[in-house]
Amino acid sequence: MPFRRLRLFLLAVACGLPTLCLAQSSAATTSSQAPATQAQIAALQQSVQSAQMSADNAWMLVSAALVLLMTGPGLALFYGGLVRRKNILGTMMQSFAMMGLVTILWAIAGYSLAFGHGNLFIGGFEHLFLRGVGLTPNPDYAATIPEQTYMVYQLMFAIITPALITGAFAERMKFSAMAAFLSLWSLFVYSPMAHMVWGVGGLLNANGGHIPSLDFAGGTVVHVTSGVSALVTALYLGKRLGYPHTNMPPHSMVLSFIGACLLWVGWFGFNAGSALNSGPLATSAFINTHFAAAAAALGWTIAEWIHNGKPTALGAISGAVAGLVAITPASGFVQPFAALFIGLVAGAFCSFMVFEVKSRLRYDDSLDAFGVHGAGGTLGALLTGLFATRAINAAFGKDVPTGAIDGHWGQILNQAAGVAIAWGISIVGTLVLLFLVDKVIGLRLSPEDEMAGLDLSQHGEEGYDLNS
Amino acid sequence: MLKIEAILQPSKLDAVKDALLEAGIEGMTILEARGHGRQKGHTEFYRGREYTVDLLPKVKIEIVINDDLKEKAIQAITSAARTGRIGDGKIFVSRIDEAIRIRNDERGESAL
């Protein structure tokens, strides 16, 4: 009965087909559902990432602006008030000139020399003229902000660092020589040092460097380099005419006061911004920054009260700045009470450097760039090795001790090595550059110009024209 | 005609000005000045450095008056400016030959 078999077969097929079809269609449904879910997850991840980038980027752009505020008007006012009246504009112009010059140099080569891949000591040339520095993050440095944000944030550090040096040679260097010297310094001292500490593959980089040195926001990169270079410059240039026999008191403590307070506020961008995101680490750095400044203002004031019998306004604000300097390398690594301690010690120590050491050794570090930034930066970098703890920032890994307080005493040696390298590159680099600029342009004002003041002799203006 | 020059503590300027007006002396010239007599100066501290400031801020009042107002003017200044401590200042009196009002060429005492 072949027909019957055939009919049975057809029946079976007829019955089976829908089942098969059903199976097929259900398979098709699941497979069409799966991509939809994945796409949803991907979209969700995308929006989480974009929300995080927006949050981090907002804070980092504000931080960058805060760090610029430290140079102009912060440092310009702080230093401007400390000089004599005839030098106010010239002194402020030195800071302002860095805002212009270093920006241009940074875009052309500075950023690449600091943050390009390069070698142990200096970055490469791949980012010359900001090539490849776009709006997507560079995970080597900051995975949640556009690389241009990172670039401009770092630029603000590169601006303030040479501007700090101007305090040491106040009232006696030619504007042209200053511009040439500090431009070269930015490229040949700052960028290499920034690369060694923060650049990928740098010698002192905390993540994978040969000597992992902790520097959260630039204790060595900014303050040791500028402070030590300041000392070298003051020694190379010699004293101001009449120093120390002639009175050279600050001409406006009010300006200095405003400047110092702006520095304090700006420093939140400097340190808390160095978390490179707006997460809890930024909070930690923010609080440490504030605590250290307060404690150091107290430390300096007490030291001065004992030493001279009066708590001066200049002492209080100088102390605050010294504390801000000292906490800079430690701000993202230590507990709040360690920050208070670091601040207190820094205030007393820097006042000692300024009161005693400077007058004993008789150098004319006119506005105490070394006494505050060099000494405070060195102290802060070493104390970072003592107080850094993985409870705040597991810099070397979750279960790896960070500083001496975690049991890793060797970190103090790493910190000392970082400090020594910063001293070395600053001394050698500054001496060579000063020598070159001295030969080509001549560093020092003529005695007549120095007597007339920077404002008239260098700029043909006066800061205060009370007759107009 | 007499010229009275009085060197005063800056903080006493308003009191002296009022006392002179009360004494009927209406014109005066005020100069901001720096100087010292026996008071010498004071010391200031900036970052641990001691500065001796020996020229202190002062104000100088100049008035030119009729001879008969002399004692009244001196009385007004001394009573308003005196604290009894070193640094209260000094008064100098000198003779004036001529006074001319620029506006209308009036001369002598009527120009005062």
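Note that this is a predicted model, so its numbers are computed, not measured.

## Regarding the overall build of chain B
Logical step 1: When helices and strands are counted, chain B shows two helices and six strands.
Logical step 2: Overall, chain B shows an N-to-C arrangement of helices and strands of β-α-β-β-β-β-α-β.
Logical step 3: Taking 2.2 N^0.38 as the reference for a compact globule, 112 residues should give roughly 13 Å; the C-alpha atoms of chain B span a radius of gyration of 17 Å, well beyond that estimate.
Logical step 4: C-alpha extents for chain B along the principal axes are approximately 60 × 30 × 20 Å.
Logical step 5: Burial status across chain B gives 18% buried among its 112 residues.
Logical step 6: Contacts in chain B between residues far apart in sequence, at least 24 positions, make up 71% of those at least 6 positions apart.

## Quick look at the overall build of chain A
Logical step 1: If you tally the helices and strands in chain A, you get 13 helices and zero strands.
Logical step 2: For chain A, the N- to C-terminal ordering of α and β elements is α-α-α-α-α-α-α-α-α-α-α-α-α.
Logical step 3: Relative to the globule expectation of 23 Å for 468 residues, the C-alpha radius of gyration of chain A, 29 Å, shows a markedly less compact shape.
Logical step 4: Looking at chain A residue by residue over its 468 residues, the buried ones come to 54%.
Logical step 5: Excluding contacts between residues fewer than 6 apart, the proportion of contacts in chain A whose partners are at least 24 apart in sequence is 76%.

## Some words on the interface of chain A and chain B
Logical step 1: Facing 13 residues of chain A, the contacting portion of chain B comprises six residues.
Logical step 2: Elements that contribute at least two residues to the side of chain A that touches chain B include exactly α7 (280-308), α8 (313-327) and α9 (336-361) of chain A.
Logical step 3: With three residues, the single largest contributor to the side of chain A that touches chain B is α7 of chain A.
Logical step 4: Residue composition of the side of chain A that touches chain B, by class: five nonpolar, five polar and three charged.

## Describing helix α5 (residues 219-237) of chain A
Logical step 1: The terminal C-alpha atoms of α5 of chain A lie 25 Å apart, and with 19 residues this matches the ideal 27 Å at 1.5 Å per residue to within 8%.
Logical step 2: When you tally the buried positions in α5 of chain A, you get 17 out of 19 residues, the bulk of the element.

## Side note on the packing of helix α2 (residues 88-115) of chain A against helix α4 (residues 175-198) of chain A
Residue and element names in this part refer to chain A.
Logical step 1: At a closest axis distance of 9 Å, the pairing of α2 and α4 adopts a crossing angle of 40°. For the element pair α2 / α4, the angle class is oblique. The two elements α2 and α4 meet at a crossing, and its hand is right-handed.
Logical step 2: Looking at the contact of α2 with α4 residue by residue, the classes come out as 16 nonpolar, seven polar and no charged.

## With respect to the pairing of strand β4 (residues 49-53) of chain B
Residues and elements named next belong to chain B.
Logical step 1: For strand β3 (residues 42-46) and β4, the ladder comprises five bridges, and the chain directions are antiparallel. Its bridge partner lying in β4, tyrosine 46 is registered against arginine 49.
Logical step 2: Two successive antiparallel strands, β3 and β4, enclose a turn made up of two residues, where arginine 47 displays a positive phi of approximately 50°.

## Description of the sheet that holds strand β1 (residues 2-8) of chain B
All names here are of chain B.
Logical step 1: Read from one edge of the open sheet, four strands run β2-β5-β1-β6, paired in antiparallel fashion. Only two strands of the sheet have a single partner each, and these edge strands are β2 (29-35) and β6 (89-95). With direction set aside, neighbouring strand axes in the sheet form an average angle of 20°.
Logical step 2: Contacts from helix α1 (residues 13-22) reach β1, β2 and β5 (56-65), with the element oriented near 10° to β5.

## As for the pairing of β2 of chain B
Residue and element names in this part refer to chain B.
Logical step 1: Counting buried positions over the seven residues of β2 gives zero, only a small fraction of the element.
Logical step 2: In this structure, β2 lies alongside β5, joined through seven bridges in antiparallel fashion. Note that in β5 the partner of glycine 35 across the bridge is leucine 56.

## A short note on the environment of arginine 103 of chain B
Logical step 1: Relative to the elements of secondary structure, arginine 103 of chain B occurs in the segment after β6.
Logical step 2: Linking arginine 103 of chain B and glutamine 39 of chain B, residues 64 residues apart in sequence, is a C-alpha distance of 42 Å.

## Side note on the nonpolar core
As a rule of thumb, nonpolar side chains are buried together in soluble globular proteins.
Logical step 1: Grouped together as the largest cluster of nonpolar side chains are 146 residues, with contacts concentrated most on Ile160, Leu263, Ala292, Ala296, Leu324 and Ile342 of chain A.
Logical step 2: A total of 14 residues in this core trace back to one element, the largest contributor, which is helix α1 (residues 2-82) of chain A.
Logical step 3: Among all residues touching alanine 292 of chain A, those that are not within four sequence positions of it are Gly323, Leu324, Ala326, Ile327, Ala339, Ile342 and Gly343 of chain A.
Logical step 4: Counting 14 residues, the second-largest nonpolar core is a separate cluster that includes Val16, Ile25, Ile77 and Ala81 of chain B.

## Some thoughts on the confidence of the model for chain A
Logical step 1: Averaged over all residues, the pLDDT of chain A is 92; the fraction at 70 or higher stands at 93%.
Logical step 2: This stretch, residues 15-28 of chain A, has a pLDDT under 50; its non-local contacts, to residues over four places away or in other chains, come to zero contacts.

## Thoughts on the confidence of the model for chain B
Logical step 1: Averaged over all residues, the pLDDT of chain B equals 91, while 100% of them reach at least 70.
Logical step 2: The ipTM, which scores confidence in the relative placement of chains, is 0.72 for this predicted complex, and the corresponding pTM is 0.87.

Rules used in this analysis
- Residue positions within a chain follow its written sequence, with the count starting from 1.
- Labels are handed out in written order, letters beginning with A for the chains and numbers beginning with 1 for the ligands.
- Only residues with pLDDT of 70 or above have their local features reported here, since the model is predicted, and side-chain atom pairs are shown and tallied only from 80 upward, although totals for entire chains, interfaces and linings are computed over all residues.
- Numbering of helices and strands runs from the N terminus; a helix is a DSSP stretch of H or I covering at least four residues, while a strand is a stretch of E covering at least two.
- Atoms considered for the radius of gyration are the C-alpha atoms alone. The globule rule reads 2.2 Å times the number of residues to the power 0.38.
- Exposure classification rests on a simple neighbour count of other C-beta atoms within 10 Å of a residue's own: a residue reaching 20 or more is buried, one at 12 or fewer is exposed, and one in between is partly exposed. C-beta atoms are placed from the backbone.
- What counts as a contact here is a pair of residues whose C-beta atoms, placed from the backbone, lie within 7 Å.
- As a working rule, the residues Ala, Val, Leu, Ile, Met, Phe, Trp, Tyr, Cys and Pro are called nonpolar, Asp, Glu, Lys and Arg charged, and the rest polar, with Gly in that last group.
- Each residue after the first adds 1.5 Å to the expected span of a helix.
- Note on geometry: axes are lines fitted to C-alpha atoms, helical ones only across the stretch in contact, with angles between N-to-C directions running from 0 to 180 degrees.
- Orientation is classified from the angle alone, with under 35 degrees giving roughly parallel, over 145 giving roughly antiparallel, 65 to 115 giving roughly perpendicular, and any other angle giving oblique.
- Left-handed is the label given to a crossing in which the near helix is rotated counterclockwise from the far helix by less than a right angle, and right-handed is the label when the rotation is clockwise.
- Between any two strands, at least two bridges found by DSSP are needed for them to pair.
- Any nonpolar core is a set of buried residues, restricted to Ala, Val, Leu, Ile, Met, Phe, Trp, Tyr and Cys, that join up through C-beta atoms within 7 Å.
- Confidence scores per residue from the predictor, reported as pLDDT, run from 0 to 100.

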